[in-house]
Amino acid sequence: MSMGTSEAVLQVLSRTGSNVIFSDPCLGKLNITFLPKSHVEFGKKRSCSGTMKSLNCSRVTRNASHGNSMFVRSRFLSCHCQRAERVSGITAEDGNGTLIVGSENKSNPINGAVNGPKSLELGELQQSKQEKKIFTSNGELAEAETIKHTLSKVCGNSIEDEAWNLLRESIVYYCGSPIGTIAAQDPTDSGVLNYDQVFIRDFIPSGIAFLLKGEYDIVRNFILHTLQLQSWEKTMDCHSPGQGLMPASFKVRTVPLEGDDSATEEILDPDFGEAAIGRVAPVDSGLWWIILLRAYGKCSGDLSVKERVDVQTGIKMILRLCLADGFDMFPTLLVTDGSCMIDRRMGIHGHPLEIQALFYSALLCAREMLAPEDGSADLLRALNNRLVALSFHIREYYWVDMRKLNEIYRYKTEEYSYDAVNKFNIYPDQIPPWLLEWMPNKGGYLIGNLQPAHMDFRFFSLGNLWSIVSSLATVEQSHAILDLVEAKWADLVAGTPFKICYPALEGQEWRIITGSDPKNTPWSYHNGGSWPTLLWQLTVACIKMNRPDIASKAVEIVERRISRDKWPEYYDTKSARFIGKQARLFQTWSIAGYLVAKLLLADPSAAKILINVEDDDLVNAFSCMIGANPRRKRGRMGVKKSYIV
């Protein structure tokens, strides 16, 4: 809290009387006696930071208190200390999300824990969920509103400070340099599994947060070091995937130096899916890597990274892997179940929307960054052809609204014709009963998956939101998606944003599709759970469509509880009232997702580093395809690949 804000609070409080009672989701129920302004002194806040570097990558461990329990938290090769020098009366912020009343109190800078009877821990100050009310002794409502607004800012600032502290604590160092952030640092969890690794997809919101904060080194290091892992040998049961595959995650390990047992060295140990649960290769890792590379260049102004020969080669390897010829007749990318954020069996095998949206975005980003040279001509030609076919296919066949739903409801089946309306032989009985009642009159969305005789009508949030960001959806469709989010706010946002998909698989359907997965039970985890990290994708989409008020409303809901709940990975139940039964606490991308949302709402123009704007060539090509006669495309095309669109 700045000095000016602090003085503004005290000026109002000194005029409204000596006692003020608060009932606020952020501040809880307090009855604090404020001294006149002349009796309050503000002390300067100093901070010091240092970096501990060691070849053997030993961790710095320290004791920290959180609430009434004690736990040990590890930090990778870095330490920070912070103290308040001189405070008497009241200071609204000590740099760690703590409000301190009285000069005799001392605070522990770890996670905002506070010692002293008059200290107000942030978690305790957020317990009340009642509607904000402020009563003053003289009934001056205008000044009461000023107090409420100012204290709301204090709450937001305190949560942001805590989030930044936690995000920086999650940083992983390699040879003394920051290289990424671990997935989670839950002190209550004894079985870390792979949550102590740096995941490609998980680091994206962390990387964006650091970019927006002007801290570019960690993102640059991440991009270049993960690129080195791309060329590693990847084998499972004597089989190797195609070149260009990016790892799902990696870990910094310390091993004895070869030939000298008395010395050690740090190595990066990647996982390409051969150790993952289900042994699924991460299709989305390379796509996110390209998106982050473009964001780094746009935000930092450092174009030397994308111009490097090894980076250009890495981009081409990813593109060749994605654009490789196969048996599929569709321009969409064919993947197995669990190959993206939803990394467990959830019935998304085939052509899931999330992968198509990221694929389209990565193609646009790559086209922007590829150096114009003779060796790239064929690749760029294939890339442009795929962009046109993919955009047409998704916009035309994945889109549903009331008009389209009614059309599917009346489909004729078994059409053998080049001019068939029901090209994929979708049976009208596939329309689930819930959708007939759920679809609003205004709004629509892109379905989750499309294959012959199969449409997955579930609403998948990341796919729809990133379709807006990447311009895979048209302007009209993008607005309609946000219209649906507003119309179905109680279902998609509920107690905590944002549902990863809607609705959940239940009963016999859950048993058959998930294999009775005990982690993906109805309204939990990937099966209808609520994930706070999706807040940043929602914010980018809303800013692009000039509707930031939707994202602001979602951020306000998150701020009511996420800090008190210790930044969980996800929430359970249809209304998102409970912390996920297997959710890790202090989940890094929950923290980073909140920070990115706050930073972008404060400076919406910064969202341009993530947004893809559709160019005129694509629009013209798309228009030509709509009026094309499919029979004209049945002649010999040489080596040119054609797709069903």
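The present account deals with the structure reproduced in this document. (Residues numbered from 1 in each chain as written. Predicted model: local features only at pLDDT ≥ 70, side-chain atom pairs only at ≥ 80, totals over all residues. Heavy atoms only, no water.)

### Details of the sheet that holds strand S15 (residues 198–199)
- An order of S15-S16-S17 is seen for the three strands of this open sheet, with the pairing classed as antiparallel. Two strands close off the open sheet at either side, each with one partner strand: S15 and strand S17 (260–271).
- By the bridge criterion, nine bridges tie strand S16 (residues 249–257) to S17 in an arrangement that is antiparallel. Each bridged residue has a counterpart across the sheet, and for Phe250 the counterpart in S17 is Pro270. (Pairing = 2+ DSSP bridges. Helix = DSSP H or I, 4+ residues; strand = E, 2+ residues; numbered from the N terminus.)

### Some thoughts on the pattern of salt bridges
- Inspection of the entire model under this criterion finds 21 salt bridges.
- We note a salt bridge from Glu407 to Lys404, for which the minimum N-O separation is 3.6 Å. With a gap of three residues between them, Glu407 and Lys404 both fall in helix H11 (residues 402–409), about one helical turn apart.
- On the accessibility criterion, Glu407 (29% relative accessible area) is partly exposed.
- A single network of salt bridges, built from pairs that share partners, joins Glu160, Glu559 and Lys598. (Salt bridge = Lys/Arg side-chain N within 4 Å of Asp/Glu carboxyl O. Buried < 20%, exposed > 50% of the residue type's maximum accessible area, 1.4 Å probe, protein only.)

### Looking at the packing of helix H9 (residues 353–369) against helix H10 (residues 377–397)
- Contact geometry of H9 with H10 gives a least axis separation of 10 Å together with a crossing angle of 145 degrees. In the crossing of H9 with H10, the sense of the turn from one axis to the other is left-handed. On the side of H9, the interface is formed by Leu353, Gln356, Phe359, Tyr360, Leu363, Leu364, Ala366 and Arg367, while H10 contributes Leu380, Leu383, Asn384, Arg386, Leu387, Leu390, Ser391, Ile394 and Arg395.
- For the contact of H9 with H10, a count of residues per class yields eleven nonpolar, three polar and three charged. (Axes fitted to C-alpha atoms, helices over the stretch in contact; angles between N-to-C directions. Left-handed = near helix turned anticlockwise from the far one by under 90°. Contact = heavy atoms within 4.5 Å. Nonpolar A, V, L, I, M, F, W, Y, C, P; charged D, E, K, R; others polar.)

### Structural notes on helix H8 (residues 309–323)
- Helix length check: H8 (15 residues) gives 21 Å between terminal C-alpha atoms against 21 Å at 1.5 Å per residue, within 8%.
- Listed as buried for H8 are Val311, Gln312, Gly314, Ile315, Lys316, Met317, Ile318, Leu319, Cys322 and Leu323. (Expected span 1.5 Å × (residues − 1).)

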